[in-house]
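Structural features, examined
For reference, the chains in residue letters:
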Number of protein chains: 2
Amino acid sequence: MNPRERRAARHRPPDPEGEPAPRPRRTAPITVDQVVDSALGLVAAEGYEALTMRRLAGALDTGPASLYAHVVNKADLDELLIGRLCAELVLPEPDPAAWREQVRGVCDQLRDQYLRYPGISRAGLAMVPTDLEIVRVSEGMLAILLGGGVAPQDAAWAVDALLLYVAAYCLETAIARQRSTDDDAAWVLDRDELRRRFTALPAATFPHTTRHAAELTAGEGHDRFDFTVGLMVDGLAHG
Amino acid sequence: MNPRERRAARHRPPDPEGEPAPRPRRTAPITVDQVVDSALGLVAAEGYEALTMRRLAGALDTGPASLYAHVVNKADLDELLIGRLCAELVLPEPDPAAWREQVRGVCDQLRDQYLRYPGISRAGLAMVPTDLEIVRVSEGMLAILLGGGVAPQDAAWAVDALLLYVAAYCLETAIARQRSTDDDAAWVLDRDELRRRFTALPAATFPHTTRHAAELTAGEGHDRFDFTVGLMVDGLAHG
DNA sequence: AGCTTGACTCGAACGTCGTTCGTCTATAGA
DNA sequence: TCTATAGACGAACGACGTTCGAGTCAAGCT
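None of the values given here were measured: they were computed from a predicted structure.

1. A word on the protein's contact with DNA strand C
Neighbouring DNA strand C are 23 residues; M1(A), T62(A), H70(A), T52(B) and R54(B) lie closest to it. Across the atoms of DNA strand C situated within 4 Å of the protein, the share located in sugar and phosphate is 62%. Between a phosphate oxygen of DNA strand C and a side-chain N or O atom of H70(A), the distance comes to 2.6 Å. The contact in question runs from a phosphate oxygen of DNA strand C to an N or O atom on the backbone of M53(B), over 2.9 Å. Those elements that provide at least two residues to the surface near DNA strand C are helix 4 (64-67) of chain A together with helix 3 (53-59) of chain B. Along the lines of polarity and charge, the residues of the surface near DNA strand C split into 10 nonpolar, five polar and eight charged.

Structural data, given as structure tokens:
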């Protein structure tokens, strides 16, 4: 089957009759799932930038051309990865009394999933409203917000804003982590170093940055993430 | 001079004695400013993905190797571009009575600047706390927030969150615009098409998405942007 | 049973990318 | 005038995404 047809078939509602058994082959044929699995493994181990058609093909003991029988593009592969990633999120049944916690829970799940595969959120940014599995997540968040009494227009835009922020946050931290590993200890921008840098700035032109260097560099773990998501959620509540 | 030294010199406080006149050459030598100018022109005309060392060199009537006398890396070039871009922002004197409008104004400026050079926010995402010119913008926003009475910790994190969101928003819209141009009318995801897609989804599994397709696809211009920034700013005010 | 069809594999290649090396030129300082 | 050096640049390297075309096999038809 042509990979373009395959891609189209993926977006069609699933055929009611079960798939007619995975056709056996002498040398076991490569499947799309195998490709996605290997790709995710590669990203988890070495980051998204290491996900190359050539390296992926190598992980499957074949050449790069073989992949194009199962995947249209690298963009198509990205879409598959994000789809798989979103499919693993569990969306709670909306509880009007706990909608804030539920929204934050979904965001946390998505954040953790993105960070498990460092840098993959770059692909997620590119297709926020496109992929079907993302629509599923979007639907789940929308349900929670609407259940919580948020006005439909606010809820719709908030879902978009939250998904965008989560992807951006994860992309930023992935870049920061990568810099601290591959660059030879020259980019060591851990918090202490960054804070020292801020305080070393000329206080005349950067008075607030130097004075509040502590606050600017504060935040263990995902405190900054929690703060921002909380800001948006609380804003929705007061709206 | 070695380009690494040049880069280091850029991050040092400017030499009090003025530069000793741009040394003349027979064939006028390339300067860093020329490189940045050409690069920005290229990005403005054809988008960030068209910014290639080779194409940039071509625009300067030379080969790619010549650029490396003035720039360490493509990453270094990105840093220069973002710096130039941020340097053009005008930061208002903090007015405690109008801090919300002032913050939004700075965000709008940054948004417009990013969108003038489509896709360049990808580079901006990678160095939110790094570059000196970004620190200048950060300082300006911090001053406005502190002047408005926002608690220092909230202000510091909010600056970070806002800069991140603005960059992500601009990156997303740049990708969307590019898709609508270079793909041959197959990716026509204008709002009507997107809305039609949402309503065509199976209502059983996506009840809210189909019912509120109008809200999900609503928003002229930067309404979505204004909504999200307003959400964060109002959240700060109520905190 | 033989043949056709079509999905799949894969070696080889194309064009592009960022970057480096070595060489050359022409100026600045002695 | 001589020399040291900053800068320009042709050529090349390795890696990237992608395409082409020949080959290989299983399934379906006659």
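Once you've had a look at it, read on.
2. A look at the packing of aromatic side chains
How two aromatic rings sit relative to each other is given by the distance of their centres and the angle of their planes. Tallying each qualifying case throughout the model produces eight aromatic pairs over all chains. Measuring from ring centre to ring centre gives 5.4 Å for F227(A) and W157(B), while their planes differ by 55°; the resulting arrangement is tilted. Here F227(A) is found in helix 13 (residues 223-238), whereas its partner W157(B) is found in helix 8 (residues 152-182) on a different chain. Assigned by exposure class, F227(A) and W157(B) land together as buried. Each member of the aromatic cluster is reached from another via a ring pair, and the members are Y165(A), Y169(A) and F225(A).

3. Digging into the interface of chain A and chain B
Facing 54 residues of chain A, the contacting portion of chain B comprises 54 residues. For the pair chain A and chain B, the summed buried surface comes to about 4,900 Å²; carbon and sulfur atoms form 71% of the total. For the chain A face of the interface with chain B, the top three residues by lost area are E139(A), W157(A) and F227(A), together amounting to 14%. The interface formed by chain A and chain B contains two salt bridges. The salt bridge involving D160(B) is made with R224(A); its shortest N-O contact spans 2.7 Å. Along the contact surface separating chain A from chain B lie 10 residue pairs in polar contact (both at pLDDT 80 or more). Broken down by secondary-structure element, the contributors of at least two residues to the side of chain A that touches chain B are helix 7 (121-125), helix 8 (132-147), helix 9 (152-182), helix 10 (191-199), helix 11 (207-211), helix 12 (213-216) and helix 13 of chain A. It is helix 9 of chain A that provides the largest number of residues to the side of chain A that touches chain B, a total of 16 residues. A per-class count over the side of chain A that touches chain B returns 33 nonpolar, 10 polar and 11 charged.

4. Structural notes on the UniProt feature "DNA-binding region" (unreviewed entry) in chain A
Mapped onto this numbering, the UniProt entry annotates "DNA-binding region" (unreviewed entry) at residues 52-71 of chain A. Strand forms 0% of residues 52-71 of chain A and helix 55%; the C-alpha atoms that close the span are 13 Å apart.

5. Some thoughts on the confidence of the model for chain A
All names here are of chain A. For chain A, the average pLDDT comes to 89, and 89% of its residues sit at 70 or higher. Per-element mean pLDDT across chain A ranges from 79 in helix 1 (residues 3-11) up to 98 in helix 6 (residues 99-116). Segment residues 16-26 is flagged for pLDDT under 50; beyond a separation of four residues in sequence, or across chains, it makes one contact in the model.

6. Observations regarding helix 5 (residues 74-87) of chain A
Residues and elements named next belong to chain A. In a regular helix each residue adds 1.5 Å, so 14 residues correspond to 20 Å; helix 5 covers 20 Å between its end C-alpha atoms and thus fits that length. Helix 5 sits mainly inside the fold: 10 of its 14 residues count as buried. For helix 5, the set of buried residues is D76, L77, D78, E79, L80, L81, I82, G83, L85 and C86. In this structure, the buried side of helix 5 is in contact with helix 1, helix 2 (32-46), helix 3 (53-59), helix 6, helix 7 and helix 8.

7. Here's the deal with the relation of the copies chain A and chain B
For the match of chain A to chain B, the screw axis carries a shift of 0.0 Å, the RMSD comes to 0.0 Å, and the turn is 180°. The operation mapping one copy onto its partner corresponds to a two-fold rotation axis. Within chain A, the C-alpha atom positioned nearest to the axis of rotation is that of G235(A), 2.4 Å from it. Both copies contact each other with a shared surface, as 100% of the interface residues of chain A are interface residues in chain B too.

8. Overview of the nonpolar core
The biggest cluster of nonpolar side chains holds 146 residues, and the ones touching the most others in it are I120(A) and I120(B). Among the elements that take part in this core, helix 9 of chain A stands out by supplying 17 residues, more than any other. If we ignore the near neighbours within four places in the chain, the residues touching I120(B) are L40(B), V43(B), Y48(B), L81(B), I82(B), L85(B) and Y114(B).

What counts, and at which threshold
Residues numbered from 1 in each chain as written. Chains lettered and ligands numbered in written order. Predicted model: local features only at pLDDT ≥ 70, side-chain atom pairs only at ≥ 80, totals over all residues. Heavy atoms only, no water. Near = heavy atom within 4 Å. Polar contact = N/O pair within 3.5 Å; in protein donor to acceptor, adjacent residues only side chain to side chain. Helix = DSSP H or I, 4+ residues; strand = E, 2+ residues; numbered from the N terminus. Nonpolar A, V, L, I, M, F, W, Y, C, P; charged D, E, K, R; others polar. Phe/Tyr/Trp six-rings, centres within 6.5 Å; stacked < 30°, edge-to-face > 60°. Buried < 20%, exposed > 50% of the residue type's maximum accessible area, 1.4 Å probe, protein only. Contact = heavy atoms within 4.5 Å. Buried area = accessible area lost by both parts, 1.4 Å probe. Salt bridge = Lys/Arg side-chain N within 4 Å of Asp/Glu carboxyl O. UniProt positions renumbered as here; feature names shortened; annotations may be inferred. pLDDT = per-residue confidence, 0-100. Expected span 1.5 Å × (residues − 1). Least-squares fit on C-alpha atoms with pLDDT ≥ 70 in both. Core = buried A, V, L, I, M, F, W, Y, C linked by side-chain atoms within 4.5 Å.

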